[in-house]
Structures are given as C-alpha cells and as structure tokens.
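Observations on chain architecture
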Amino acid sequence: MENKDKLYTFRRGTPEDYEDILDFGNYIFRTDFAALLPKLYKGHPERAAEHLLVTEQRPGGERIRGMSGLFRIPMNVCGRKLMASGVGTVAVHPYDRGKGYMKLTVGGCVDWAREEGHDFVILSGRKQRYQHYGFEKCGSIYSFELDGTVSRQLRTYGVEGVTPPVPADGWEVLSPEAGKEYEARCRALYEAQPVWAERPDFWEVASSWSGEVRVIRRDGAFAGYAALSKAYGGFTVHELLLEEGVEPLPAVLSALDCAALMGARELTVEVLPFQQGLIHTLTLIAEEGRLSSPYGINVLRYAPVAEAFLQLKASFRPLPEGSYVLGIERGGQAKAEELPEEAEADILLPHIQMMDFLFAQSGTAGVTGKQPVLEAAWFPLPFCMSEEDNS
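The paragraphs below set out a description of the structure included in this document. This is a predicted model, so every value here is computed, not measured.

Rules used throughout
- Residues numbered from 1 in each chain as written.
- Predicted model: local features only at pLDDT ≥ 70, side-chain atom pairs only at ≥ 80, totals over all residues.
- Heavy atoms only, no water.
- Helix = DSSP H or I, 4+ residues; strand = E, 2+ residues; numbered from the N terminus.
- Rg over C-alpha atoms; globule rule 2.2 N^0.38 Å.
- Buried < 20%, exposed > 50% of the residue type's maximum accessible area, 1.4 Å probe, protein only.
- Contact = heavy atoms within 4.5 Å.
- Lys, Arg positive; Asp, Glu negative; His and termini not counted.
- Charge placed at Lys NZ, Arg CZ, Asp CG, Glu CD.
- Salt bridge = Lys/Arg side-chain N within 4 Å of Asp/Glu carboxyl O.
- 1 Å grid on protein atoms, 1.4 Å probe; cavity = no way out; pocket = protein on both sides within 12 Å on 5 of 7 lines; lining within 4 Å.
- Points joined across faces, edges and corners; volume = space filled by probe spheres on them.
- Nonpolar A, V, L, I, M, F, W, Y, C, P; charged D, E, K, R; others polar.
- Polar contact = N/O pair within 3.5 Å; in protein donor to acceptor, adjacent residues only side chain to side chain.
- Core = buried A, V, L, I, M, F, W, Y, C linked by side-chain atoms within 4.5 Å.

This part takes up the overall build of the chain. A count of helical and extended segments in the chain gives 14 helices and 19 strands. Here the chain has a C-alpha radius of gyration of 23 Å; the compact-globule value for 391 residues is 21 Å, and the two agree. Taking all 391 residues of the chain together, 54% fall into the buried category. Contacts in the chain between residues far apart in sequence, at least 24 positions, make up 68% of those at least 6 positions apart. When the 40 positive and 55 negative side-chain charges of the chain are each reduced to one mean point, those points stand 5 Å apart.

What follows concerns the pattern of salt bridges. In total, this model carries 27 salt bridges according to the counting rule given. With a shortest N-O distance of 2.7 Å, Arg214 and Glu212 are connected by a salt bridge. The exposure class assigned to Arg214 is buried, which follows from its relative accessible area of 15%. On the basis of relative accessible area, Glu212 is assigned to the buried category, the value being 12%. One salt bridge connects Glu212 with Lys230, and the closest N-O pair in it is separated by 3.4 Å. Placement of Glu212 in strand 11 (residues 211–218) and of Lys230 in the loop between strand 12 (221–229) and strand 13 (236–242) is noted, with a sequence separation of 18 residues between them.

Moving on, we come to empty space enclosed by the protein. Going through the model one piece at a time under the given rule, you end up with 3 cavities of 30 Å³ or more. Of the pockets and cavities examined, the largest cavity occupies roughly 90 Å³. Tyr190, Gln193, Val195, Leu272 and Ser386 are, among the 15 residues lining the largest cavity, the residues nearest its centre. Per-element accounting of the lining of the largest cavity gives the leading share, 4 residues, to strand 13. Here the residues of the lining of the largest cavity are counted per class, giving 9 nonpolar, 4 polar and 2 charged. Surrounding the second largest cavity, Leu123, Gly125, Arg126, Lys127, Tyr130, Phe135, Glu136, Lys137 and Gly296 form its lining. Secondary-structure elements contributing two or more residues to the lining of the second largest cavity are helix 5 (127–130) and strand 7 (136–138).

Residue placement: Thr368 occurs in the loop between helix 13 (351–359) and helix 14 (372–378). Taking the relative accessible area as the measure of exposure, Thr368 reaches 54% and is therefore exposed. Taking the C-alpha atoms as reference, Thr368 lies 7.6 Å from Ile347; in sequence the two are 21 residues apart. Discounting chain neighbours no more than four positions away, the residues touching Thr368 are Ile347 and Glu375.

Below, the discussion takes up the side chain of Asp17. In this fold, Asp17 is placed in the loop between strand 2 (8–12) and helix 1 (18–29). Within polar-contact distance, the side chain of Asp17 engages the side chain of Arg11 at 2.8 Å. Ignoring sequence-local partners within four residues, the contact set of Asp17 consists of Arg11, Arg12 and Leu53.

Within the largest apolar cluster, 55 residues are counted, with the highest numbers of intra-cluster contacts made by Met75, Tyr225, Tyr295, Ile297, Met354 and Phe359. Ranked by residues supplied to this core, first place goes to helix 12 (residues 302–316) with 6 residues. When near neighbours in sequence (up to four residues on either side) are disregarded, Met354 contacts Tyr302, Leu326, Gly327, Ile328, Ile347 and Leu349.

Let us look at the side chain of His118. Mapped onto the fold, His118 is located in the loop between helix 4 (101–115) and strand 6 (120–123). When its relative accessible area of 2% is taken as the criterion, His118 is described as buried. A polar contact of 3.0 Å, which involves the side chain of His118, links it to the side chain of Ser85. Looking at His118, its side chain comes within polar contact range of the side chain of Glu116, at 3.3 Å. Among all residues touching His118, those that are not within four sequence positions of it are Arg72, Met83, Ala84, Ser85, Ala113, Leu300 and Arg301.

Next comes the structure, spelled out in structure tokens:
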C-alpha cells in the first residue's frame with residue numbers, strides 16, 4: 001500500500017529485503033539477531049515474507065522505517081491442535097516515531113492472524129504498549145532462582161530431613177556438539193509433553209535466545225536435556241526435560257554446575273505448570289520461586305483455546321464436572337461464545353478482562369460470575385508454552 005501524502009509504502013517483506021530486515025532489527029535493538037534467534041534470522045531469507053514493512057524513499061533508495069513480524073507457531077495441547085502466531089521484532093526508527101508506523105505493522109499483524117483463522121497471537125513487551133492491539137499479560141509459568149552455592153551445599157549435606165547428599169558421580173552434561181547425536185531423543189522427549197509446538201528444525205529452535213542444547217547423561221545413558229539461554233546477560237533454562245524415572249534433583253544440579261562453569265553465579269529455571277515433579281524439586285532448593293503471567297496474548301478464538309487449556313489443567317489436577325458460558329463484549333456487542341443459539345452467560349466481560357479472568361494468575365481475584373465454586377476450581381487456566389517457541 002502506497003500513501004503519496006505521507007510518502008511511505010506498507011508491504012510484506014521479500015527475500016531481497018532479508019539483509020535489510022536483519023540490519024534494521026540489529027540497529028534498533030542493539031543486538032545480533034542471527035545469534036539471538038537463529039530460527040528466524042540466520043540464513044532464512046524465506047522468513048522475510050513473515051514481516052510487515054513500512055518503507056520510505058530516501059536518497060539512497062527505499063529504506064525500512066518500521067516493521068513487525070508475524071511468525072506461525074502450530075501448537076499441540078493435550079492432542080488438540082491450535083494455530084498460534086508470534087508477533088516479534090517490532091521496530092520503528094527513532095527518527096520516525098509518532099508517524100503511526102507501529103500501529104500499521106502491529107495492527108496489521110493482528111488483522112493478518114485473524115484473517116488466517118489463528119486461535120491466538122502472542123508477544124513479549126510492555127502491557128500498556130500492546131493493550132491497544134488487544135493483548136494482555138496472561139499465562140502460567142514458574143520461575144525458580146538457583147544460587148550457584150546451592151550445588152556445593154546439596155552435594156555435601158543434601159536437604160536436612162529430606163534427602164541425603166546428592167552425588168555428582170555418573171552425571172555429565174555434554175557440549176552442544178557432542179549432544180547433537182541425541183537430537184532425535186530430545187525431539188521425542190519434547191513432543192511427549194502435553195504442550196508442544198511443531199519445530200521444523202528442533203535443534204535450531206531449542207537454541208533460541210542466544211542459547212544451546214545441553215544433553216544430560218546418567219551413567220552414559222541419555223537422561224534428558226536442558227535448553228540453556230544466555231540472552232540479556234543472564235543464564236536461563238527454558239526447557240528442562242527428563243526421561244521417565246530420572247531423578248530431578250541430580251539432573252538439576254548437573255545443569256546448575258554446567259552454567260557455573262560457563263560463568264553463571266545464578267541460574268533461572270523456567271517450568272510449565274504440568275511439570276509437577278520438577279516444580280516440587282525446585283521449590284525445595286530454589287532461593288526464590290514465583291508463578292507469573294508473562295505472556296502478552298490476544299485470544300482470537302476463545303472456544304478452542306479455553307477448551308485445550310482446560311483439558312491441560314484436568315490432566316494434572318482433578319476438576320469438578322460442569323459447564324460455563326462465557327460472554328465477551330466486542331465493540332459494544334455481547335455474545336455467548338460459540339453457542340448455536342442465544343444463551344445466558346455466566347460471566348460477561350470485555351475482551352481484555354475476559355483474558356485476565358481465564359488466563360492471568362490474578363484475574364479471578366475480585367471478579368465473580370454466577371458459578372463461583374466452579375470458577376475457583378477451573379480458573380485460571382494454565383495457558384503456557386516454551387519460551388523457545390516464542391518469537
């Protein structure tokens with residue numbers, strides 16, 4: 001789309017734009033996107049078409065002045081398929097702020113996702129910046145902070161009254177190069193989870209956020225892997241997946257020791273709500289643990305998303321039987337979602353508040369519909385996905 005009055009062009013990217021897209025993103029964010037997100041920006045010119053660009057004609061030719069990407073994330077949640085998409089690399093040149101280019105690109109990405117029938121859109125960023133486009137901070141993710149000194153304490157003393165000293169013998173963490181031979185085992189372990197995304201190149205995606213895949217072995221046998229990120233000055237394990245029967249505590253300490261050898265003084269381990277055994281272990285040894293709603297999400301189709309994550313909650317927590325009718329206000333019109341005929345809603349909320357009610361950790365506090373007992377058991381729903389799949 002060209003606008004002669006404003007002298008800009010709004011269009012999809014092409015493979016010929018790929019280097020300019022990468023350069024523009026690196027300049028705005030002061031980073032190296034090829035290292036940060038190789039799945040998007042390291043030798044993937046075909047992914048230029050997943051970007052919406054605003055360009056202007058300058059003396060040197062057409063130049064990018066603003067852009068946003070829309071990256072498809074096919075999801076599987078308890079056997080149900082959801083089509084998600086991530087909005088990322090939202091960038092406007094500092095000299096061109098205030099021209100409405102962010103509204104064009106981010107709003108254009110949401111419209112694009114809606115037109116293609118996506119179930120939800122996800123992004124990272126400030127709440128106040130993206131609420132205008134229908135996003136709200138939601139979701140469920142546990143973050144545990146491990147101090148580097150806890151390894152020595154547990155190796156020497158264990159946890160008094162709970163576990164004896166934890167031996168290091170027999171446990172090893174392979175280099176990314178040595179671990180590559182276990183890629184098929186890592187993929188199988190990842191896809192055995194109740195929530196997973198389709199990854200065309202498993203190793204590349206699991207190495208997102210300036211990260212690397214570290215395979216863990218016990219007595220020479222494959223025990224699991226950790227996706228270890230080194231982005232933004234910290235060390236974070238975005239995925240710690242273990243084979244059935246593997247003891248979580250020594251595996252966690254192996255990952256912590258590996259990070260310490262790389263220079264980490266502390267390690268953050270992120271865990272999804274269905275990883276109950278890992279949650280129990282990390283609660284015991286972490287300096288701090290918290291449950292937060294970190295994702296900016298925009299639910300475009302409530303029925304399949306709510307159904308999938310309600311099924312996820314039922315997979316690890318007993319839930320009472322029942323039914324619940326949601327009414328979402330959009331543009332002043334109220335409708336009972338996905339019902340073939342008019343029905344009275346148990347709760348009627350605007351879009352942003354409905355996402356809070358269903359998916360944010362604090363969303364149900366102070367908000368009550370017509371079935372408070374059922375609400376207390378069902379909600380919030382444990383919306384979650386690996387940060388490795390986020391864009």
